[in-house]
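# Working through the structure, step by step
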Amino acid sequence: MTTPPRASTALLTDHYELTMVQAARQSGTADRRAVFELFPRRLPAGRRYGVVAGVDRALDAIEEFRFDAGTLTALEGVVDPDMLDWLASYRFSGDVWGYAEGEAYFPHSPLLVVEGTFAEAVLLETVLLSIYNHDSAIASAASRMTLAADGRPCIEMGARRTHEEAAVAAARAAYVAGFEATSNLAARARHGVPSTGTSAHSFTLLHDTEADAFRAQVQALGVGTTLLVDTYDVNEAVALAVEVAGTGLGAVRLDSGDLGLVAREVRAQLDALGATGTRIVVTSDLDEHAIAALAVAPVDAYGVGTQLVTGSGHPTCGFVYKLVAREGDDGEMVSVAKKSTDKHSIGGRKYALRRRGPSGVARAEVVGIGEAPADDGDDRPLLVRLVEGGEVVGRATLDEARARHRASVAELPRAVTMMSAGEAVIPTIFED
């Protein structure tokens, strides 16, 4: 895996973030200690849980939030010269706590707690929300899909259905939430996500006959390859596939029609031809509901594109980034909160744990205000230190994030496996 040079992330923000800091510097409040929190007020409609993703990408963004010469030139006319001078030496020097990547979350879970001066912390708002809202939406959808697949592998293949950079982030987020591989080579190169792929319908159409296409693919990729069998007639293609590759053919792929019905017919045909070990892979606008509907069909793997990279109907998580505490004139920290109708926040620095019963099943998301909630003996603290004194200290590998996702979802109540709309599977309880 190679990592390309990273560009400054300082312009991945909104105009008003800089003008706020300029005004705060002039009023003498910019250096007040402050606590910001990134959290969801609610889950997307009908969802029973969410999954945190994008943590490592967010840490990259914090490290690269630097105003270099080119960035400062682009900001001329946005803020005054004195502000430009201040930005030239900007470095986030505070602390960040947060839920680890792959963790399940619920309404009001304090996914990030950012502590620093107001000026330092507020500038990170937009880029952190951008990363967390996108990646967690993808991971949340992917988690539901892998639950519905019930152990059958899922492959991410949605690059052509979203922005080219969003595609890379989506592949990474899906991998965190249990997908086995991606079609996206940039995700392989940057993040180490395993990639896979064989051919499309155009490859079959290129050749004079379907048999010629199959022979060319098997010769190049071996008999373990996956042959696409629905360009013309599926039954004829399956027979040709086994004739060309032999009974050791790796897999056939179905991309159209009534996938459950066709998969049953193909399974029977493959078995009759002696290709009992040949797997069946299905694609074609799958989501978690379609995957669940195929649970009893003889399907061995799923390829998911459009619905995954668009969050399966929820392309954002609705996370917000709010000031919850700030330094008062006397130097003490003061809780602050927004009171707007339907957009209120809860003041005070938060702590969180997952309350579990004697059997290890989660019972509640407990959020402490001002201090950590009491652990009754079998609970699990959720916040881990990510940044200390401006230095990133909380990186995790993708394998660690995948393991955390499996463990986090496994401890949730059984209702988490239901694909129907419902309320959060555990309540959020505040302890003051």
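The shown structure was predicted, so the numbers you read here are calculated from the model rather than taken from an experiment. (Residues numbered from 1 in each chain as written. Predicted model: local features only at pLDDT ≥ 70, side-chain atom pairs only at ≥ 80, totals over all residues. Heavy atoms only, no water.)

## Brief notes about the pairing of strand E15 (residues 362–369)
The buried fraction of E15 amounts to 7 of the 8 residues, a majority that puts the element mostly inside the structure. Pairing of strand E14 (residues 350–356) with E15, which is carried by 7 bridges, proceeds in the antiparallel orientation. Looking at E15, one finds that lysine 350 is bridged to isoleucine 369. Following E14, the chain reverses through 5 residues before pairing antiparallel with E15; glycine 360 in that reversal takes a positive phi of roughly 90°. In this sheet, strand E19 (residues 428–431) lies alongside E15 in parallel orientation, the contact comprising 4 bridges. (Buried < 20%, exposed > 50% of the residue type's maximum accessible area, 1.4 Å probe, protein only. Helix = DSSP H or I, 4+ residues; strand = E, 2+ residues; numbered from the N terminus. Pairing = 2+ DSSP bridges.)

## Points about the sheet that holds strand E5 (residues 112–117)
On the basis of which strands lie adjacent, the open sheet formed by 7 strands has the order E13-E12-E1-E5-E3-E17-E18 and antiparallel pairing. One side of each edge strand has no neighbouring strand; the edge strands of this open sheet are strand E13 (333–335) and strand E18 (391–392). Pairing analysis gives 4 bridges linking strand E3 (residues 95–99) to E5, with the strands arranged antiparallel. Note on E5: the bridge partner recorded for aspartate 95 is glutamate 115. Seen against the sheet, helix H2 (residues 55–63) touches E3, strand E17 (383–388) and E18 and runs at an angle of roughly 20° to E17. Here helix H6 (residues 125–149) sits on the sheet in contact with strand E1 (33–40), E5 and strand E12 (319–327), set at roughly 140° to E12. (Contact = heavy atoms within 4.5 Å. Axes fitted to C-alpha atoms, helices over the stretch in contact; angles between N-to-C directions.)

## A look at the packing of helix H11 (residues 234–245) against helix H12 (residues 259–272)
For the pair H11 and H12, interaxial distance at closest approach is 10 Å and the crossing angle is 35°. Classified by chirality, the crossing of H12 by H11 is right-handed. Each of Val234, Asn235, Val238, Ala239 and Val242 in H11 lies in contact with H12, whose residues at this interface are Val262, Val266, Gln269 and Leu270. Of the residues belonging to the contact of H11 with H12, the class tally is 7 nonpolar, 2 polar and no charged. (Left-handed = near helix turned anticlockwise from the far one by under 90°. Nonpolar A, V, L, I, M, F, W, Y, C, P; charged D, E, K, R; others polar.)

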